[in-house]
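Coordinates in review
If you want the building blocks of each chain, they are given just below.
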Amino acid sequence: MLRSLATSRPLLWLILALPGLWIAWRWAVTPNSYGYGHAIGDTGDWAAWLLMATMAVTPLRLMFRRQRWTGWLMRRRRDLGVASFAYAAGHTLIYLVRKASPDLIFAELSTPYILVGWIAFTLFLPLAVTSNDVSVRRLKRSWKKLHRLVYPAAVLTFLHWIWSAFDPTTAWIHVGILAAIEIVRVMLQRRQRVT
């Protein structure tokens, strides 16, 4: 029973929701010390971290193919991706509520970091909508092609982070980690094709 609970999807989603609940609680209880800046920053961070975790699943599976935990990660990769999108959606919603004016929102589209953020969000939208078993069955091979949009979307996400940060050092560190994840993935996939 404990084993089935530990591997259950509802428990995973509860864990994935905890940072969001913490952000909402802190903003509600201490709006002066934890306001818009913290809330939008933290939701953006969690969106990026979960995106990186999602993209790390394939290289981990290739490196540790025989391990059960990598099989579990592969089965839950879409959950991680959808959770990343949920935090990105929260990040976007906080921005929209703060601006509160369509004229102001459209005026800011000319700002590079805002524009790339919107493009990234737009690319992630069809990925989130099709991250379910029904879509996988209906789209068949096209599903994988569609979900390759995650790569340009990830680049734009981290570009948005770099350009919007007061100090982009943390963003650049994360870009380095993401680049390492992708280099390892490509190398392992090429090695697999050769063997």
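None of the values given here were measured: they were computed from a predicted structure.

Basis of the calculations
- Residue numbering note: each chain is counted from 1, following its sequence as written.
- It should be noted that, the model being predicted, local features are given only for residues of pLDDT at least 70 and side-chain atom pairs only at 80 or more, the latter also being counted only at that level, while totals for whole chains, interfaces and linings use all residues.
- Remark: hydrogens and water are excluded; side-chain values derive from all non-hydrogen atoms of the structure.
- By the criteria applied, helices consist of DSSP H or I runs no shorter than four residues and strands consist of E runs no shorter than two, each listed in order from the N terminus.
- Within these notes, the globule rule equals 2.2 Å times the number of residues to the 0.38 power, and the radius of gyration is based on C-alpha atoms.
- Every residue pair with non-hydrogen atoms within 4.5 Å of one another is taken to be in contact.
- Residue exposure ignores everything except the shown protein chains as possible cover, and the areas themselves are Shrake-Rupley values with a 1.4 Å probe.
- We score Asp and Glu as negative and Lys and Arg as positive, and we do not count His or the chain ends.
- The location of each charge is read from NZ of Lys, CZ of Arg, CG of Asp or CD of Glu.
- A pair of aromatic rings is counted whenever rings of Phe, Tyr or Trp (Trp by its six-membered ring) have centres within 6.5 Å, and the orientation is called stacked for planes under 30 degrees apart, edge-to-face for over 60 and tilted otherwise.
- Burial here depends on accessible area, computed with a 1.4 Å probe over protein chains only, as a share of the maximum for the residue type. Under 20% is buried, over 50% is exposed, and the range in between is partly exposed.
- How far a helix is expected to stretch is found by multiplying one less than its residue total by 1.5 Å.
- pLDDT measures the predictor's confidence residue by residue and takes values from 0 up to 100.
- Grouping buried Ala, Val, Leu, Ile, Met, Phe, Trp, Tyr and Cys residues that are joined through side-chain atoms within 4.5 Å yields what is termed a nonpolar core.
- Whenever a carboxyl oxygen of Asp or Glu lies within 4 Å of a side-chain nitrogen of Lys or Arg, that contact is scored as a salt bridge.

A short note on the overall build of the protein
From N to C terminus, the protein includes 10 helices and zero strands. Walking the protein from its N terminus toward its C terminus, one meets helices and strands in the order α-α-α-α-α-α-α-α-α-α. The C-alpha radius of gyration of the protein comes to 18 Å, within 12% of the 16 Å expected for a compact globule of 195 residues. If you line up the protein on its principal axes, its C-alpha atoms span 55 × 40 × 35 Å. Look at the contacts in the protein between residues 6 or more apart in sequence, and 67% of them connect residues 24 or more apart. Put simply, the protein shows about 12500 Å² of open surface, and 67% of that area lies on carbon and sulfur atoms. Each charge sign in the protein was given a centre, from 24 positive and 8 negative side chains, and these centres are 20 Å apart.

So, the packing of aromatic side chains
Under the criterion given, the structure shown has seven aromatic pairs. Look at Trp46 and Trp49: their rings are 5.1 Å apart centre to centre, the planes differ by 80°, and that puts the pair in the edge-to-face class. Within this pair, Trp46 and its partner Trp49 are both found in helix α3 (residues 36-63), separated by three residues, close to a single helical turn. Judged by relative accessible area, Trp49 falls into the partly exposed class, the value being 35%. A ring pair is formed by Trp46 and Tyr87, whose centres lie 6.3 Å apart and whose planes are at 35°; its orientation type is tilted.

Some words on helix α6 (residues 112-129)
With 18 residues, α6 ought to run about 26 Å at 1.5 Å a step, and its terminal C-alpha atoms sit 26 Å apart, in line with that. When we look at burial in α6, the residues that qualify are Ile114, Val116, Gly117, Ala120, Phe121, Phe124, Leu127 and Ala128.

Side note on the confidence of the model for the protein
Reading fine detail from the predicted coordinates is not recommended where pLDDT is low. Residue-level pLDDT values for the protein average 92, and 96% of them are 70 or greater. Within the protein, the lowest mean pLDDT, 56, falls on helix α1 (residues 2-6), and the highest, 96, falls on α6.

A look at the nonpolar core
Among the nonpolar cores identified, the biggest contains 27 residues, and Leu51, Phe124 and Phe158 are the most heavily contacted of them. Broken down by secondary-structure element, the contributors of at least two residues to this core are α2 (9-29), α3, α4 (68-99), α6, α9 (150-164) and α10 (169-194). At seven residues, α3 tops the list of elements feeding residues into this core. Excluding its chain neighbours within four sequence positions, the residues that come into contact with Phe158 are Ala48, Leu51, Met52, His174, Val175 and Leu178. The next biggest cluster of nonpolar side chains, apart from the first, holds nine residues, and it includes Tyr36, Ala39, Ile94 and Ile114.

Quick look at the pattern of salt bridges
Counted under the stated rule, the structure contains four salt bridges. A salt bridge links Arg78 to Asp133; its shortest N-O distance comes to 2.9 Å. Within this pair, whereas Arg78 is found in helix α4, its partner Asp133 is found in helix α7 (residues 133-139), the two being separated by 55 residues in sequence. Close ionic contact of Arg185 with Glu182 constitutes a salt bridge, the shortest N to O distance being 2.7 Å. One end of the pair is Arg185 and the other is Glu182, both in helix α10 and three residues apart, which spans about a single turn. Of the residues examined, Arg185 reaches a relative accessible area of 14% and is grouped as buried.

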